[in-house]
Amino acid sequence: MNNNEKQQPFRILISITTPKLADKAAEMFILDNIPLQYECVGRGTAPNEMIDVLGLGSPEKVVLLSFMPKSVSDNMLKKLKKELKLGTVNSGIAFTLPIKGATSLIVKMFEGFNQDEEKTAERKVNLVSDNNYYLIAAVVNQGYSESVMEAAREAGAGGGTVVPSRSIVNEKAIGFWGTTIQDEKEIILIVSDDEKRLDIMQAISSKCGMHSEAKGLIAALPLDNVIGIDRED
Amino acid sequence: VNKIFKEKVMESLSSVLPVAGIVFALSVFLVPLDVGNMMIFLVSTVMLVFGMGMFQLGADAAMSPLGEGIGTDISKSKNTVIIIAVSFVMGLLITIAEPDLQVLSNQVPSVPNPVLIWTVAIGVGLFLVTAVLRIILKIDLSIMLTLLYIGVLVLSYFVPDNFLAVAFDSGGVTTGPMTVPFIMAMGIGLSAMRGDKEASNDSFGLVALSSIGPILAVMILGCFYAPKEAVSAETKVTIVENMRDVFKIFFDELPHYAKEVFVSLVPIIGVFILFQIIRRRFHRIQVMRMAMGFVYTYIGLVLFLCGVNVGFAPVGSMLGKEIVNANYKWLLIPISMVIGYFIVKAEPAIQILNHQVQTVTKGAISGKSMNTALSIGVSVSIGLAVLRILTGLPIHYIIIPGYIIALIMSRFVPKIFVGIAFDSGGVASGPMTSTFLLPFCIGACSAVGGNLMTDAFGVVALVALTPLIAIQLMGLSYRIKLNKQLKTTPAESTVIPADSDTIVEFTEE
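None of these values were measured; they are calculated from a predicted model.

**Observations concerning the overall build of chain B**
Then step 1. The helix and strand inventory of chain B stands at 20 helices and 1 strand.
Then step 2. Taking 23 Å as the expected radius of gyration for a compact globule of 509 residues, we find that chain B reaches 23 Å, a close match to that expectation.
Then step 3. In terms of overall dimensions, chain B has a C-alpha envelope of 80 × 55 × 50 Å along the principal axes.
Then step 4. For chain B, buried positions account for 58% of its 509 residues.
Then step 5. Counting contacts in chain B only where the partners sit at least 6 residues apart, residues at least 24 apart contribute 87% of the total.
Then step 6. Taken as a whole, chain B presents about 19500 Å² of accessible surface, with 69% of it coming from carbon and sulfur.
Then step 7. Charged side chains of chain B number 31 positive and 31 negative; the gap between the two group centres comes to 4 Å.

**Thoughts on the environment of B:Tyr149**
Residue and element names in this part refer to chain B.
Then step 1. Looking at where tyrosine 149 falls in the secondary structure, it is placed in helix H6 (residues 141-156).
Then step 2. In this structure, the C-alpha to C-alpha distance between tyrosine 149 and tyrosine 403, residues 254 residues apart in sequence, is 7.7 Å.
Then step 3. Not counting the four nearest positions on each side in its chain, tyrosine 149 is found in contact with Ile212, Tyr403, Leu407 and Phe422.

**Overview of empty space enclosed by the protein**
Residue and element names in this part refer to chain B.
Then step 1. In total, this model carries 3 cavities of 30 Å³ or more according to the counting rule given.
Then step 2. Estimated volume of the largest cavity: approximately 100 Å³.
Then step 3. Lining the largest cavity are 13 residues, with Tyr149, Ser211, Ile215, Tyr403 and Ala464 positioned closest to its centre.
Then step 4. Taken together, the elements giving at least two residues each to the lining of the largest cavity come down to helix H7 (161-174), helix H17 (415-428) and helix H20 (459-488).
Then step 5. Classifying every residue of the lining of the largest cavity gives 8 nonpolar, 5 polar and no charged.

**Things to note about the nonpolar core**
Then step 1. Core analysis: the largest hydrophobic core is formed by 161 residues, its most contacted members being B:Leu145, B:Ile339 and B:Phe422.
Then step 2. If we ignore the near neighbours within four places in the chain, the residues touching B:Ile339 are B:Val19, B:Ile22, B:Leu26, B:Phe436, B:Leu437 and B:Phe440.
Then step 3. In terms of nonpolar packing, the next biggest core, distinct from the first, is built from 43 residues, A:Ile16, A:Phe95, A:Ala137 and A:Leu223 among them.

**Observations regarding the pairing of strand E9 (residues 183-193) of chain A**
Residues and elements named next belong to chain A.
Then step 1. Taking burial as the measure, the 11 residues of E9 include 8 buried ones, the bulk of the element.
Then step 2. Here 9 bridges tie strand E7 (residues 133-141) to E9, and the two strands are oriented antiparallel to one another. Each bridged residue has a counterpart across the sheet, and for isoleucine 136 the counterpart in E9 is isoleucine 190.
Then step 3. Here 7 bridges tie strand E8 (residues 161-167) to E9, and the two strands are oriented antiparallel to one another. What sits directly across from valine 163, in E9, is isoleucine 187.

**Thoughts on the packing of helix H2 (residues 35-77) of chain B against helix H14 (residues 348-360) of chain B**
Residue and element names in this part refer to chain B.
Then step 1. It is at 9 Å that the axes of H2 and H14 come closest, and there the two elements cross at 40°. Taken together, the axis directions place H2 and H14 in an arrangement best described as oblique. H14 is crossed by H2, and the crossing has right-handed handedness. Taken together, the residues of H14 that come into contact with H2 (itself represented by Met52, Phe55, Gln56 and Ala59) are Pro348, Gln351 and Ile352.
Then step 2. Residue composition of the contact of H2 with H14, grouped by class: 5 nonpolar, 2 polar and no charged.

**A closer look at the sheet that holds strand E10 (residues 217-222) of chain A**
Hydrogen bonds along the backbone pair up the strands of a sheet, which may run parallel or antiparallel.
All names here are of chain A.
Then step 1. Ordered in space as E10-E7-E9-E8-E3-E4-E2-E5-E11, the 9 strands form an open sheet in which the pairing is antiparallel. The open sheet has two free edges, formed respectively by E10 and strand E11 (225-227), since each of these has just one partner strand. For this sheet the average axis-to-axis angle between neighbouring strands, irrespective of direction, equals 30°.
Then step 2. The pairing of E7 with E10 spans 6 bridges and is antiparallel. The residue of E10 that forms the bridge with alanine 137 is alanine 219.

**A word on unusual backbone geometry**
Residues and elements named next belong to chain A.
Then step 1. The backbone of lysine 215 shows a phi angle near 50°, a positive value even though the residue is not glycine.
Then step 2. Take lysine 215: it is sitting in the loop between helix H8 (194-208) and E10.
Then step 3. Its relative accessible area of 38% is what places lysine 215 among the partly exposed residues.

**Comments concerning the packing of aromatic side chains**
Then step 1. In the structure shown here, the tally under the stated rule is 13 aromatic pairs over all chains.
Then step 2. Ring plane angle 40° and centroid distance 6.2 Å describe the contact between B:Tyr149 and B:Phe422, whose orientation is recorded as tilted. Taken together, the residues span a long stretch of sequence, with B:Tyr149 in helix H6 and B:Phe422 in helix H17 at a distance of 273 residues. The burial state of B:Tyr149 is the same as that of B:Phe422; both residues are buried.
Then step 3. Taking the centre distance of 6.1 Å and the plane angle of 25° together, the rings of B:Phe168 and B:Tyr403 count as stacked. Separated by 235 residues along the polypeptide, B:Phe168 in helix H7 and B:Tyr403 in helix H16 (residues 396-409) bring together distant segments of the chain. The exposure classification of B:Phe168 matches that of B:Tyr403, with both residues buried.
Then step 4. Members of the aromatic cluster, joined through ring pairs, are B:Phe41, B:Phe312, B:Phe436 and B:Phe440.
Then step 5. The cationic tip of A:Arg197 hangs over the ring face of A:Tyr134; the distance from NZ or CZ to the ring centre is 4.7 Å.

**As for helix H12 (residues 284-325) of chain B**
Then step 1. Compared with an ideal rise of 1.5 Å per residue, which puts 42 residues at 62 Å, H12(B) spans 60 Å between its outermost C-alpha atoms and is within 8% of the ideal.
Then step 2. One or two residues past the end of H12(B) sits B:Asn327, with phi positive at roughly 65°.

**Details of the pairing of E8(A)**
Then step 1. When strand E3 (residues 37-44) of chain A meets E8(A), the two strands line up antiparallel, connected through 2 bridges. Among the inter-strand pairings, A:Gly44 is bridged to a residue of E8(A), identified as A:Thr161.

**Structural notes on the packing of H17(B) against H20(B)**
Helix-helix packing is described using two parameters, namely the angle between the two axes and the distance between the axes.
Residues and elements named next belong to chain B.
Then step 1. Contact geometry for H17 and H20: axes closest at 7 Å, N-to-C directions at 155°. Taken together, the axis directions place H17 and H20 in an arrangement best described as roughly antiparallel. Seen along the crossing, H17 lies across H20 with a hand that is right-handed. Residues Phe417, Val418, Ile420, Ala421, Phe422, Ser424, Gly425 and Ala428 of H17 lie in contact with H20, whose contacting residues are Val463, Ala464, Pro467, Leu468, Ile471, Gln472, Met474, Gly475 and Tyr478.

**Quick word on the confidence of the model for chain B**
Residues and elements named next belong to chain B.
Then step 1. Residues at a pLDDT of 70 or more form 93% of chain B, whose mean pLDDT is 83.
Then step 2. Here helix H4 (residues 99-107) is the element of chain B with the lowest mean pLDDT, 70, and helix H15 (residues 367-391) is the one with the highest, 91.
Then step 3. In the model output, the complex is listed with pTM 0.83 alongside ipTM 0.73.

**Focus: the pattern of salt bridges**
Residues and elements named next belong to chain A.
Then step 1. Applying the stated rule across the entire model yields 14 salt bridges over all chains.
Then step 2. As a salt-bridge pair, lysine 79 and aspartate 32 come within 2.4 Å of each other at their nearest N and O atoms. Of the two residues, lysine 79 is situated in helix H3 (residues 70-84) and aspartate 32 in the loop between helix H1 (19-31) and E3; the sequence distance between them amounts to 47 residues.
Then step 3. By relative accessible area, lysine 79 is classed as partly exposed at 33%.

What counts as what
Per chain, the residues get numbers from 1 upward, laid out in the order the sequence is written. Chains carry letters and ligands carry numbers; both start at the beginning, A for chains and 1 for ligands, and go up in the order they are written. Where local features are concerned, this predicted model is filtered to residues with pLDDT of at least 70; where side-chain atom pairs are given and counted, the filter is 80 or more; whole-chain, interface and lining totals use all residues. Excluded from the side-chain calculations are hydrogens and water; all other atoms, namely the structure's heavy atoms, are used. Numbering of helices and strands starts at the N terminus; helices are DSSP runs of H or I of at least 4 residues and strands are runs of E of at least 2. The size measure is the radius of gyration over C-alpha atoms, and the globule rule it meets is 2.2 Å times the number of residues to the 0.38 power. A simple rule labels every residue: compare its accessible area, found with a 1.4 Å probe on the protein chains alone, to the largest value its type can have, and call it buried under 20%, exposed over 50%, or partly exposed in between. Note on definitions: a residue-residue contact is assigned when non-hydrogen atoms from the two residues lie within 4.5 Å. Residue burial considers only the protein chains on display, and all accessible areas are found by Shrake-Rupley using a 1.4 Å probe. Under the convention used here, Asp and Glu are negative, Lys and Arg are positive, and both His and the chain ends fall outside the count. Taken as the charge location is NZ of Lys, CZ of Arg, CG of Asp or CD of Glu. A cavity here means a set of points on a 1 Å grid, drawn over the protein atoms and nothing else, where a 1.4 Å probe fits but cannot get out; a pocket is an open set with protein on both sides within 12 Å along at least five of seven lines, and a residue lines either one if it has an atom within 4 Å of a point. Grid points are joined across faces, edges and corners, and a volume is the space filled by probe spheres set on the points. Nonpolar residues are Ala, Val, Leu, Ile, Met, Phe, Trp, Tyr, Cys and Pro. Charged residues are Asp, Glu, Lys and Arg, and all others, Gly as well, are polar. Here, nonpolar core means buried Ala, Val, Leu, Ile, Met, Phe, Trp, Tyr and Cys residues that are tied together by side-chain atoms lying within 4.5 Å of each other. Pairing between strands requires that DSSP locate at least two bridges from one strand to the other. All axes are obtained by fitting lines to C-alpha atoms, using only the stretch in contact for helices, and the reported angles, taken between N-to-C directions, cover 0 to 180 degrees. Throughout this description, any angle smaller than 35 degrees is read as roughly parallel, any larger than 145 degrees as roughly antiparallel, any in the 65 to 115 degree range as roughly perpendicular, and the remainder as oblique. Handedness of each helix crossing follows the sense of rotation of the near helix against the far helix: counterclockwise by less than a right angle gives left-handed, clockwise gives right-handed. Only centres within 6.5 Å qualify two rings of Phe, Tyr or Trp (six-membered ring in Trp) as a pair; their planes then separate them into stacked at under 30 degrees, edge-to-face at over 60, and tilted for everything else. Ring-over charges, as used throughout, are those where CZ of Arg or NZ of Lys falls within 6 Å of the ring centre and within 35 degrees of the ring normal. Given a helix with a known number of residues, its expected span is that number minus one, times 1.5 Å. Scored between 0 and 100, pLDDT is the confidence that the predictor attaches to each residue. Throughout this description, the term salt bridge denotes a Lys or Arg side-chain nitrogen within 4 Å of a carboxyl oxygen of Asp or Glu.

Structure below.
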């Protein structure tokens, strides 16, 4: 049953952009025959308190996820950067995460078309960084994303994205009359370089960790490649 | 420039300018208006643009988070009594706060204002409770709507003719710019906590059920009070000679709306403070942001209502009258349809609905397609309203078949469209309709010499009816398209290889 043959490296490509750019990115993926795409809606965070209080601070952002072999994803990132002008103000960022294993169907979807892609990719790809950036993810109770961002910013973070979500805890899962009720959580995503990573994580944890009401859990995932980080404001 | 700021400016420009442009064009080419009134109209257009933008910003920052917060918190409370009590009180308060209701109550002089307002408010309260319980008990929305509208239609036979149009109007009117952002957000909050797959379908439908309450309430009142001829609130046309007069009019009227909107907002701010003290849901920055949001909402609504009442209402009335007088009688129908097409966008609550729909459906139903469907719907309804004025066709003949069609359709359309469609009926008929289209119809009606009470009124009811059909048609086409796609896609592509569930390991180079 388990003939888990080893494969070429695969990546998850995540882009966090304005809805308009996300539509464009999704179209680009479709044009390039990338079969799987998932999206969820989040919101950006305000650069400072004043803007936030004025209600001008949290523009809608779309988080777009897709799977592809590394050769394709590197190429895709470059294309995204060029076409969507990621890295300019009010655009967004995109990055890739390594994945360890997946259903073989995902691999099969890419069979046949990555050979020719690979040649062009190998020659061109020369991306910003390798394994020098991290995706910090903080999961806190609903309503604490501002405090998280405040702490993170003080420790040198550029910006973040908040994705609303629900926690699944068994005892709370069943509400009344058979409806399932779940607790609200917020996931804050921040891309940081290795240098500031620990400071940011520690700052968030000190302010919004398990000892606070935010009940935050913080983790950092290694990123493969990042675009759009060079000009954060 | 700040991105959100830019977005809101563009949004309000694109929603106000088209209808203003058409009215402007009409007044230049077809029925020349005097320069003074034109000036007032232009100034009020500017006020509308600013008012609309501020209102949207305020709804985003204050009304929506508050509604969503209350929605999620009552669904977490697990206590049925609390849920019923909170929903009832919220429905009651928010309706009393609705500025449109004051306008409506003035139009029905035979019923004392407080009686009408409280009856309608209790009606909305009870129906909001019903709507919330429906979500919890998982009763199908279309079944519920069918039963309730059958009740409405049966009751309509016992209501004096003079009252019928106003009763249906009240359903559309009460769900205005104050109610919609709040109740819509509450629905989303209520269903956001649920894990089941029906959750997003149930995000809609609260406004729909809430607008049945007032219809029933006013009908019942109509059975008790002998309705006299309604005062049409004939819009007064002021003579202005210079720019100072123009601004004087606005400065004279502004305090009135400032007070009215203030009185409307107080109960909601009270709810916010109370909710915050009890639940402590919002944190420092959020509280400040919401406080700012209430300021935006306030300024926005004052500007919008003042502009639309001072500038748009008289122009609407004059246009209606002059087009008839100038022997363009039959031209009235196409002209009004064009106005109708563009006027929906200028309803403040419409953008909120569209945005909500786009978010909840994750873009599957886009704001653009909503706009188109609503525009076509309202365009048809104004055409019908004007046809009624010209021919004296009783409102039954349109309303009853209309609702029957809408209810039958609700059995065949994907569930989420039912909620959106019936919600949008209440949303489409807001202050723009009651301050521009209604005077337009009243003006036309008095020029034709028809019965104001039966012929001119009812335009709001029609505006609230056609979106039900238009949006459901969109849902139907969506479903047909989906079915076709399923049929045309060859079966083999859906066959999944036998070994596809094997996990593959990846190696780094």
